[in-house]
Amino acid sequence: MADLVADTPEATPKSGDRQAVSSVERVLTREQLEEFTERGYIVIPDVVPPDLIAAINAAIDEQIRARPPAEGHVGVVYRFQQLTDSPVFASLLRDTEAFSLAEQLAGEGALDFPETAQTALTYPPFKDARENPHIDGGKGRKPGDPPWTFTMLAGFFMTDQSSDDTGNLFVWPGTHRDHANLFRERGPEAFTTYPRVTLPERDQVRGCPGDMLLKHYLLGHNGGHNTSDSVRRTVYFRLRHREHEAKWREALQDPWHDYAPLRRLLSSSGETGQPDRQL
Ligand SMILES: O=C(O)CCC(=O)C(=O)O
């Protein structure tokens, strides 16, 4: 992996050429690292080439043919698959720069390669009525059991979600810090339901096929509206720091526990919660 912070703009294909995917090693820019620390997510353009997107969409077509949702279904359908059963999904991380880009946030060699992928579909016309976020893995947890926490969500847009209400993920920027503050106050064992924090205005995550979302585990999110003409498709991976399973309590209370490079970035700016804007 190259140096963590690029002083020059991230290496990307020429503007206007969204079909090409650069073979130049991608390095997250300082701006992208800051955005992740502040808002809890970034969208990186042009990570997956068109032929791989076509192959994944064919695999999703097959999944739907094998187990279609009920006739007239409106709303989300989530399917989880083992990568050993559906190896083409693993190519999103293995045959692109996606995994290395994720490790630029968590540290080189820091992440376990996941065993499962999630296909997230939203059948239109759908309006999510909850208008509230969640974080995964705590709801219904029995005290004493470990929650299903992880480090970072990697999402791949298989359909165009570059405008609002096309099935875009809803996120509440900055709530990764608020959730960690709340777990510091109440203790990680309090994670038996979705924590409630004061909510900022929500964002709809926008991206095109080929782009990748990296989202902090603690960032509040939810499935969103799809009032477009077509079914929204996203593929997610839940990435875990190698030490996360033993350290989930620490990771719930410290948003940077699993993110050594970001910890270094924050401490070099003399901040523990906010990066120096001049960095
Ligand atoms: O529909 C989506 O993209 C959201 C998925 C989600 O919230 C989850 O799997 O935890």
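From a predicted model like this one, the values you see are computed outputs, not experimental measurements.

S.K.: Just checking my understanding: could you explain the site of the ligand for this structure?
M.R.: Around the ligand, the neighbouring residues are Val76, Tyr78, Gln118, Ala120, Asp136, Leu169, His221, Asn222, Gly223 and Thr234. Where the shell around the ligand is concerned, the elements lending two or more residues are strand 2 (75-82), strand 4 (116-123) and strand 9 (221-222). Across the shell around the ligand, the residue classes tally to 4 nonpolar, 5 polar and 1 charged.

S.K.: Explanation requested: unusual backbone geometry in the structure shown.
M.R.: Trans peptide bonds make up most of the peptide bonds, and negative phi angles are found at most residues other than glycine. Cis geometry marks the peptide bond from Pro124 to Pro125, where omega comes out at -10°. When you line up the elements, Pro125 lands in the loop between strand 4 and strand 5 (152-157). One non-glycine residue, Asp165, lies in positive phi territory at about 60°. Here Asp165 lies in the loop between strand 5 and strand 6 (170-171).

S.K.: Would you take a moment to explain helix 5 (residues 175-186) for this structure?
M.R.: Residue pairs spaced three or four apart in an α-helix point in one direction, given the helix's 3.6 residues per turn. Look at helix 5: 16 Å from first C-alpha to last across 12 residues, which is about the 16 Å you get at 1.5 Å a residue. Buried residues of helix 5: Thr175, His176, Arg177, Asp178, His179, Ala180 and Phe183, and no others. Residues of helix 5 that are buried make contact with strand 8 (212-216) and helix 6 (248-253). Immediately downstream of helix 5, the backbone of Gly187 shows phi near 90°, a positive value.

S.K.: How should I be thinking about the confidence of the model for the protein in this particular structure?
M.R.: In low-pLDDT regions, the fine details of the predicted coordinates are not to be read closely. The predicted model of the protein has a mean per-residue pLDDT of 89, with 88% of residues at 70 or higher. Within the model, pLDDT remains below 50 along residues 11-20, and this stretch shows 16 contacts once partners closer than five positions in the same chain are excluded. pLDDT under 50 marks residues 273-279. Its contacts with residues more than four places away, or in other chains, come to 13 contacts.

S.K.: Any chance you could explain the sheet that holds strand 6 here in plain terms?
M.R.: Two pairing modes exist for strands in a sheet, parallel and antiparallel, and in both the strands are linked by backbone hydrogen bonds. Here 3 strands make up an open sheet; going across it, the order is 7-6-9 and the pairing antiparallel. The sheet is open, and its two borders are formed by strand 7 (203-204) and strand 9, each paired with just one other strand. When strand 6 meets strand 9, the two strands line up antiparallel, connected through 2 bridges. Residue pairing for strand 9: Phe170 is matched across the bridge by Asn222.

S.K.: Is there a simple way to explain the environment of Ile44 in this structure?
M.R.: For Ile44, the location among the structural elements is in strand 1 (residues 41-44). The sequence separation of Ile44 and Leu213 amounts to 169 residues, and the corresponding C-alpha distance is 6.4 Å. Not counting residues up to four positions away in its chain, the partners in contact with Ile44 are Leu101, Asp211, Met212 and Leu214.

S.K.: Please explain the packing of helix 2 (residues 50-66) against helix 3 (residues 87-94) as it appears in this structure.
M.R.: A pair of packed helices can be characterised by two numbers: the angle between their axes and the separation between those axes. For the pair helix 2 and helix 3, the least separation of the axes is 9 Å and the interaxial angle reads 150°. Of the possible angle classes, the one that applies to helix 2 and helix 3 is roughly antiparallel. Every pair of crossing elements has a handedness; the one defined by helix 2 and helix 3 is left-handed. Residues Leu52, Ala55, Ile56 and Ala59 of helix 2 lie in contact with helix 3, whose contacting residues are Val88, Phe89, Ser91 and Leu92. Considering only residue class, the contact of helix 2 with helix 3 consists of 7 nonpolar, 1 polar and no charged.

Rules used throughout
- Residues numbered from 1 in each chain as written.
- Predicted model: local features only at pLDDT ≥ 70, side-chain atom pairs only at ≥ 80, totals over all residues.
- Near = placed C-beta within 6 Å.
- Helix = DSSP H or I, 4+ residues; strand = E, 2+ residues; numbered from the N terminus.
- Nonpolar A, V, L, I, M, F, W, Y, C, P; charged D, E, K, R; others polar.
- Expected span 1.5 Å × (residues − 1).
- Buried ≥ 20, exposed ≤ 12 C-beta atoms within 10 Å, placed from the backbone.
- Contact = placed C-beta atoms within 7 Å.
- pLDDT = per-residue confidence, 0-100.
- Pairing = 2+ DSSP bridges.
- Axes fitted to C-alpha atoms, helices over the stretch in contact; angles between N-to-C directions.
- Parallel < 35°, antiparallel > 145°, perpendicular 65-115°, else oblique.
- Left-handed = near helix turned anticlockwise from the far one by under 90°.

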